Structures are given as structure tokens and as C-alpha cells.
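Listed here are the chains, written in short residue letters.
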Amino acid sequence: MNTVALKKRRALSRSIPLFLMVGPVILWLLIFVAAPLGYILVISFMKKGTYGGVVANFNFQNYLRIYDPLYLKIFFVSIVIALATTVLCLVIGYPFAYIIARADDRNKSILLSLIMLPFWTNSLIRTYGWIILLRTNGTFNTLLLSTHLISRPLQMLYTNGAVMVGMVYTLFPFMVLPLYSSIEKLDRSLLEAANDLGAKPRRAFWRVTLPLTVPGVFAGCIQVFIPTLGYFFISDLLGGGNSVLVGNLIRNQFLAARDWPFGAALSILLIVFTIVLMRVYKHFGGSLENIT
């Protein structure tokens, strides 16, 4: 019995430090993550009150309302803009990440600093900067008019194109950094072997470099695509009332329409969509990492 009691005491003494380290994290997740999500899930099955608020009337109407053509169109436009933003970030970001990965240590530090520099300023302030550039009497239109390339100002602001520009600018680092990490870990001896076998640089890129950096491509695309659906302030400022994305719709339901149950249902749908994308990334991206 003394031996058993001694073993229990030792096990308890070992578990106490672990609990002290992990316990606060678990408590924080339960209070600030699990509890709010559980609350959102519960009220998504409730009913909106006459003057706002939530009425405890369990139903599925909020989820059925999502099939309304108006809301389906908003989801479709949101996905199209998110896909276009992701593709643009990938097309622009891959060469930039490749240049950083192949640069010497001094230039690499400078280029990485340039990537991280926008994070030193609030993204809302940076978005206001794009308003100054894109508005009718803004910098771009002034330059085009002064060079006589256009005869009258172009409508750049309050369009889906302006929203995409803002999204690409804001989320560009989230594409470059995973790509840079993946390209930097690439074994250069494989490229040397391809060169010895007669492969030209272009062929070596398509047959060696790109396939081996697909995990970085997957990671970057996920980190750009998912936030694009929820960055409502960019579409609010650069799109005005002409561009309503899923994030704007959710924000409007909570703050303007005061329809918390429907806003909660939209939020749950967006969370489920995000989880599905993460599972797809884990399945395909993780398997590709194991292969490489």
C-alpha cells in the first residue's frame, strides 16, 4: 500500500506542473472560444424578437433562409472575389517568394522586412490610404489625367475591383510567407540534378520546383481565401454599398437588422465552410508534405 501511495503521489506531483501550464490555456479556450461559439450555435436556432433580441423558439428557419436567391448570390460573389484574390496573390506572390528564398542573407532580411512592414500600421488606416489613391480626384486619376491617358476620371472606387485590390494588398504577406518557407526548404541539389539531365530552367521549375512547393501553395491559398470572406471593413470602405460580401451580410444582421439568429446561422455556415477547407488542406496539403 505504501508503494502504491508513493506512486500516486509521484504521479500527482508530475501532473500538477502540467496542469499549471495547460490549465490556463484550456480555461481561456473554454471561456473565450468554446462558450461564444456555443452561444452563437444555440441562438442560430432561435427566433428574432419583434424589436430585436432573441426569442427562445427552436426552429430551422434561419438556415432555410440562406437558400434565398439574394443570399445565395452574395455567397457566390464572395467566393468569386475570394478566388480571384487568392489567384492574384499567388501569381504575384510566388515570384516574390522565390526571389526572397534565392537572395543572399542581407537582401533576404531586407525583403522580408518589406513584407512585414505593412503589419506595423493598422489595416483600417491602410485601407483609407487606398481610398485616397482610388477616388475620382485621387492620385491615380490625377496622374492619368495629367498624362492625357484619359479624358475624364475613372470610377475606380466603390467597385468589386477596388475591393479585390484592397484584399490583395492586405492579404499578400499571408501568401508570400508560406511560399517563402516552402521554397527555402527546397533541396537545391534536385535542381542541379535536373540541370545535369538537360532540363532547361523553365522545365526544371514546372517539373521540380513547383510540384515540391505545392504544400506552401496550399497553405498560402487557404490563408488568403478564408480571411477574404470575412474582411467586411475592406468591402465596406472600398466597395461602398455596391459590394456586399458574406462578412458584410453577417455584420449587417447583427448591427443593422438586429436579427441575431439569422446572423448567427450565417456565421455557423461560414465556420463550417472554413472547417471543410481546412480539412481539404490537411488531407491534400499534408499528404503532399509527406511525399516531399
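Here is what the cut-offs are and how they apply
- Residues numbered from 1 in each chain as written.
- Predicted model: local features only at pLDDT ≥ 70, side-chain atom pairs only at ≥ 80, totals over all residues.
- Heavy atoms only, no water.
- Helix = DSSP H or I, 4+ residues; strand = E, 2+ residues; numbered from the N terminus.
- Rg over C-alpha atoms; globule rule 2.2 N^0.38 Å.
- Contact = heavy atoms within 4.5 Å.
- Areas by Shrake-Rupley, 256 points an atom, 1.4 Å probe, with all protein chains shown as cover.
- Lys, Arg positive; Asp, Glu negative; His and termini not counted.
- Charge placed at Lys NZ, Arg CZ, Asp CG, Glu CD.
- Buried < 20%, exposed > 50% of the residue type's maximum accessible area, 1.4 Å probe, protein only.
- Disulfide = S-S within 2.5 Å.
- pLDDT = per-residue confidence, 0-100.
- Core = buried A, V, L, I, M, F, W, Y, C linked by side-chain atoms within 4.5 Å.
- Salt bridge = Lys/Arg side-chain N within 4 Å of Asp/Glu carboxyl O.
- Phe/Tyr/Trp six-rings, centres within 6.5 Å; stacked < 30°, edge-to-face > 60°.

Along the backbone of the chain there are 13 helices and two strands. Relative to its length of 292 residues, the chain is extended, with a C-alpha radius of gyration of 25 Å against a globular reference of 19 Å. Seen along its three principal axes, the alpha-carbon backbone of the chain occupies a region of about 85 × 65 × 35 Å. A separation of at least 24 residues holds for 68% of the contacts in the chain among residues at least 6 apart in sequence. When the accessible surface of the chain is summed, it comes to about 18100 Å², and 69% of that surface belongs to carbon and sulfur atoms. Here the chain carries 25 positive and 10 negative side-chain charges, and the mean point of each set is 11 Å from the other.

Turning our attention to unusual backbone geometry. For His-148, which is not a glycine, the phi torsion comes out positive at approximately 60°. Along the chain, His-148 falls in the loop between helix 6 (139-146) and helix 7 (160-184). His-148 gets classed as exposed once you look at its relative accessible area, which sits at 69%. Backbone geometry places Tyr-158, a non-glycine residue, at a positive phi of 60°. Positionally, Tyr-158 belongs in the loop between helix 6 and helix 7. The class for Tyr-158 is partly exposed, based on a relative accessible area of 40%.

One way to say it: the disulfide is the covalent bond shared by the sulfur atoms of two cysteines. Enumeration over the complete set of coordinates arrives at zero disulfides. With no disulfide of its own, Cys-89 has Cys-221 as its nearest cysteine by sulfur position, at a separation of 9.0 Å.

Our focus in this paragraph is the confidence of the model for the chain. Confidence in the prediction of the chain, expressed as mean pLDDT, is 86, and 92% of residues score 70 or more. Considering each helix and strand of the chain separately, the mean pLDDT is smallest for helix 8 (residues 188-196), with a value of 77, and largest for helix 3 (residues 69-102), with 93.

Now for the nonpolar core. Ranked by size, the top nonpolar core spans 25 residues in total, and within it Ile-40, Tyr-63, Ile-66, Ile-250 and Leu-266 carry the most contacts. For this core, the secondary structure elements donating two or more residues are helix 1 (2-43), helix 3, helix 10 (214-230), helix 12 (246-255) and helix 13 (260-291). Among the elements that take part in this core, helix 13 stands out by supplying seven residues, more than any other. Apart from the residues lying within four places of it in its own chain, the contact partners of Ile-40 are Phe-254, Ala-264, Ser-267 and Ile-268. Among the nonpolar cores identified, the runner-up in size contains 18 residues, and Cys-89, Tyr-94, Val-168 and Leu-171 belong to it.

Enumeration according to the criterion identifies three salt bridges in this entry. The shortest N-O distance in the salt bridge between Arg-65 and Asp-259 comes to 2.8 Å. One end of the pair, Arg-65, is in the loop between helix 2 (61-64) and helix 3; the other, Asp-259, is in the loop between helix 12 and helix 13, with 194 residues separating them in the sequence. By relative accessible area, Arg-65 is classed as partly exposed at 31%. Taking relative accessible area as the criterion, Asp-259 reaches 7% and is therefore assigned buried. Taking the shortest distance from any N to any O, the salt bridge between Glu-184 and Lys-108 comes out at 3.2 Å. Of the two residues, Glu-184 sits in helix 7 while Lys-108 sits in helix 4 (residues 105-116), which places them 76 residues apart along the sequence. Of the residues examined, Glu-184 reaches a relative accessible area of 37% and is grouped as partly exposed.

Here we come to the packing of aromatic side chains. Applying the stated rule across the entire model yields 15 aromatic pairs. Aromatic pair Trp-28 and Phe-32: ring centres 5.7 Å apart, planes at 40°, arrangement tilted. Taken together, the positions of Trp-28 and Phe-32, both in helix 1 and four residues apart, correspond to about one turn of that helix. On the basis of relative accessible area, Phe-32 is assigned to the exposed category, the value being 52%. Considering the side-chain rings of Phe-225 and Phe-273, the 6.2 Å spacing of their centres and the 50° angle between planes classify their relative orientation as tilted. Residue Phe-225 is found in helix 10, and its partner Phe-273 is found in helix 13; the two are separated by 48 residues along the sequence. Of the residues examined, Phe-225 reaches a relative accessible area of 8% and is grouped as buried. Classification of Phe-273 by relative accessible area gives partly exposed; the value is 31%.

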